[in-house]
Amino acid sequence: MLRFTAPVTARQLRFVAALLGVALALTACAPEDQGASGSATTAADACAKDKLQLTTKGKLTIGTDKPAYEPWFSDDDPANGKGYESAVAYAVAEKLGFSRQEVAWTVAPFNTVIQPGPKKFDFDVNQVSITEERRRAVDFSSGYYVVSQAVIALKDSPIAGATSVAQLKDAKLGAAVGTTSYRAIVDQVKPSKQPAVFDNNDVAKAALRNGQLDGLVLDLPTAFYVTAAEIPDAKIVGQFPAAGANPEQFGLVLEKGSPLTACVSKAVDALRSGGDLKSLQDRWLSDSVGAPVLS
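Residues numbered from 1 in each chain as written. Predicted model: local features only at pLDDT ≥ 70, side-chain atom pairs only at ≥ 80, totals over all residues. Heavy atoms only, no water.

Chemist: Which parts of the structure should I look at to understand the overall build of the protein chain?
Modeler: For the protein chain, the count of helices and strands is nine helices and 12 strands. Counting all 295 residues of the protein chain, 44% fall into the buried class. A sequence separation of at least 24 residues applies to 69% of the contacts in the protein chain between residues at least 6 apart. By element, 54% of the accessible surface of the protein chain is carried by carbon and sulfur atoms, the whole surface being about 15400 Å². (Helix = DSSP H or I, 4+ residues; strand = E, 2+ residues; numbered from the N terminus. Buried < 20%, exposed > 50% of the residue type's maximum accessible area, 1.4 Å probe, protein only. Contact = heavy atoms within 4.5 Å. Areas by Shrake-Rupley, 256 points an atom, 1.4 Å probe, with all protein chains shown as cover.)

Chemist: Looking at this structure, I do not really get the packing of aromatic side chains. What am I missing?
Modeler: Two measures describe an aromatic ring pair: the distance that separates the ring centres and the angle between the ring planes. Counted by the stated rule, this structure contains nine aromatic pairs. Arranged with centres 6.3 Å apart and planes meeting at 35°, the rings of Tyr-84 and Tyr-144 form a pair that is tilted. Residue Tyr-84 is found in helix H2 (residues 84-95), and its partner Tyr-144 is found in the loop between strand S4 (138-140) and strand S5 (145-146); the two are separated by 60 residues along the sequence. Residue classification places Tyr-84 among the buried positions, given a relative accessible area of 0%. Judged by its relative accessible area of 2%, Tyr-144 falls in the buried class. With centroids separated by 6.0 Å and ring planes inclined at 65°, the aromatic side chains of Tyr-90 and Trp-105 adopt a geometry described as edge-to-face. Here Tyr-90, found in helix H2, pairs with Trp-105, found in strand S2 (residues 103-107); they are 15 residues apart in sequence, far enough to count as distant. The exposure class assigned to Tyr-90 is buried, which follows from its relative accessible area of 10%. Aromatic ring contacts, followed pair by pair, group Trp-72, Tyr-84, Tyr-144, Tyr-145 and Phe-250 into a single cluster. The ring of Tyr-90 has Arg-100 sitting right over it, with the charged end atom 4.4 Å from the ring centre. (Phe/Tyr/Trp six-rings, centres within 6.5 Å; stacked < 30°, edge-to-face > 60°. Lys NZ or Arg CZ within 6 Å of the ring centre and 35° of its normal.)

Chemist: Honestly, the nonpolar core in this entry has me stumped. Any pointers?
Modeler: Among the nonpolar cores identified, the biggest contains 35 residues, and Tyr-84, Val-92, Leu-96, Phe-123 and Tyr-144 are the most heavily contacted of them. Counting only elements with at least two residues in this core, the list comes to strand S1 (60-64), H2, helix H8 (261-273) and helix H9 (276-284). When residues of this core are assigned to their parent elements, the largest contribution, eight residues, is made by H2. Setting aside residues no more than four positions away along its own chain, Val-92 makes contact with Phe-123, Leu-252, Val-264, Ala-267, Val-268 and Leu-271. (Core = buried A, V, L, I, M, F, W, Y, C linked by side-chain atoms within 4.5 Å.)

Chemist: So what exactly am I meant to see when it comes to the state of the cysteines here?
Modeler: Using the criterion set out here, one finds one disulfide in the structure. One disulfide bridge connects Cys-47 with Cys-263, the sulfur atoms lying 2.1 Å from each other. Its S-S torsion of about -90° marks the bond between Cys-47 and Cys-263 as left-handed, since a negative value means left-handed. Of the two residues, Cys-47 is situated in the loop between helix H1 (10-46) and S1 and Cys-263 in helix H8; the sequence distance between them amounts to 216 residues. Among the residues examined, Cys-47 registers a relative accessible area of 17% and is labelled buried. Accessibility expressed as a relative area gives 4% for Cys-263, which makes it buried. (Disulfide = S-S within 2.5 Å.)

Chemist: I keep staring at the confidence of the model for the protein chain and nothing clicks. Help me out?
Modeler: Note: predicted coordinates in regions of low pLDDT should not be interpreted at a detailed level. The predicted model of the protein chain averages 87 in pLDDT, with 84% of residues at 70 or higher. Below a pLDDT of 50 lies the segment residues 8-37, which in the model reaches six contacts outside its immediate sequence neighbourhood of four places, other chains included. (pLDDT = per-residue confidence, 0-100.)

Chemist: Explanation requested: unusual backbone geometry in the structure shown.
Modeler: Here the residue pair Lys-66 and Pro-67 is connected by a cis peptide bond, since its omega of 5° sits within 30 degrees of zero. In this structure, Pro-67 sits in the loop between S1 and H2. For the peptide bond that leads from Glu-70 to Pro-71, omega is -5°, which places it in the cis range. Its place among the elements puts Pro-71 in the loop between S1 and H2. Although it is not a glycine, Gln-127 sits at a positive phi angle of roughly 50°.

Chemist: For this particular structure, what's the right way to read the sheet that holds strand S7 (residues 173-176)?
Modeler: Whenever strands of a sheet pair, they do so through backbone hydrogen bonds, lying parallel or antiparallel. Read from one edge to the other, the open sheet built from five strands follows the order S8-S7-S9-S6-S10, with strand pairing classed as mixed. Here the strands that pair on one side only, and so sit at the sheet edges, are strand S8 (196-198) and strand S10 (234-239). With direction set aside, neighbouring strand axes in the sheet form an average angle of 30°. With five bridges connecting them, strand S6 (residues 149-154) and S10 associate as antiparallel partners. (Pairing = 2+ DSSP bridges. Axes fitted to C-alpha atoms, helices over the stretch in contact; angles between N-to-C directions.)

Chemist: Explain the pattern of salt bridges to me, please; I cannot follow it from the model alone.
Modeler: For side chains of opposite charge, pairing can occur when their charged atoms come near one another. With the rule as written, the count across this model stands at 10 salt bridges. Here Glu-102 makes a salt bridge to Lys-49, at a shortest N to O gap of 2.8 Å. Here Glu-102, found in the loop between H2 and S2, pairs with Lys-49, found in the loop between H1 and S1; they are 53 residues apart in sequence, far enough to count as distant. For Glu-102, a relative accessible area of 23% corresponds to the partly exposed category. Judged by relative accessible area, which is 33%, Lys-49 ranks as partly exposed. (Salt bridge = Lys/Arg side-chain N within 4 Å of Asp/Glu carboxyl O.)

Chemist: Would you explain the side chain of Ser-129 in this entry?
Modeler: Tracing the backbone through its elements, the reader meets Ser-129 in the loop between strand S3 (123-124) and helix H4 (132-135). A polar contact of 2.4 Å, which involves the side chain of Ser-129, links it to the side chain of Glu-248. When residues no more than four places from it in sequence are discounted, the contact partners of Ser-129 are Arg-134, Phe-140, Thr-180, Glu-248, Gln-249 and Phe-250. (Polar contact = N/O pair within 3.5 Å; in protein donor to acceptor, adjacent residues only side chain to side chain.)

What follows is the structure, given as structure tokens:
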């Protein structure tokens, strides 16, 4: 306690006031520090398995289209853990605390996945590229794969020897509806002929086989698989150069405003930083050898 034996001066009063101010400031800091720690704990608790708001209690429900294409899935069976996206889905589930037996798969057609409205899954994995337009309708996790688009053609196609994007301008090109493969045709090739649009890749591949197309645009891993296993008379003409500063990425899709989005992104980020995504890519996806970048 401060004790004055002589009359108190104005200077001494100012000194006492300053000391009281410091004491009050120090006292006020303590709750803030505790609050910050509490917030971090709350954030961690929100991603605890028993706190997750799920479509079906006790189950993590994952959606994808049917057929489930190679090399993203294997044998049209997303539940077998084979193929890059099936493996990623189970890795995310494990990060969230779910065993394989606690994962349920549901069929979710691509076009319904990217539309606004309630979803029947907790997240969907189906080669869905993250775009700002789609973000207005759905949530995305952070990206789990950086995408390149490629054009394939029959070996006797007039564009089979093309080495530049400009050489594709007068070709009849096609892609599945609503995909970034289609956007690559429109935005990068700027073709003189209206691109063909197909309900899915199976219909598009049939059109290529039948000579209805000069070239078909697909993501690069799918292009590798199609030319190696499904249409051996086709070849990869080349892959499109990266467009813009931000590369195209696939993201897991969630309902707009989903309480799971931050937790699913946290799981994907952990898989990336731990090298798991790279390991899964090395195991399930082909590299870019044999797919020159078009000038």
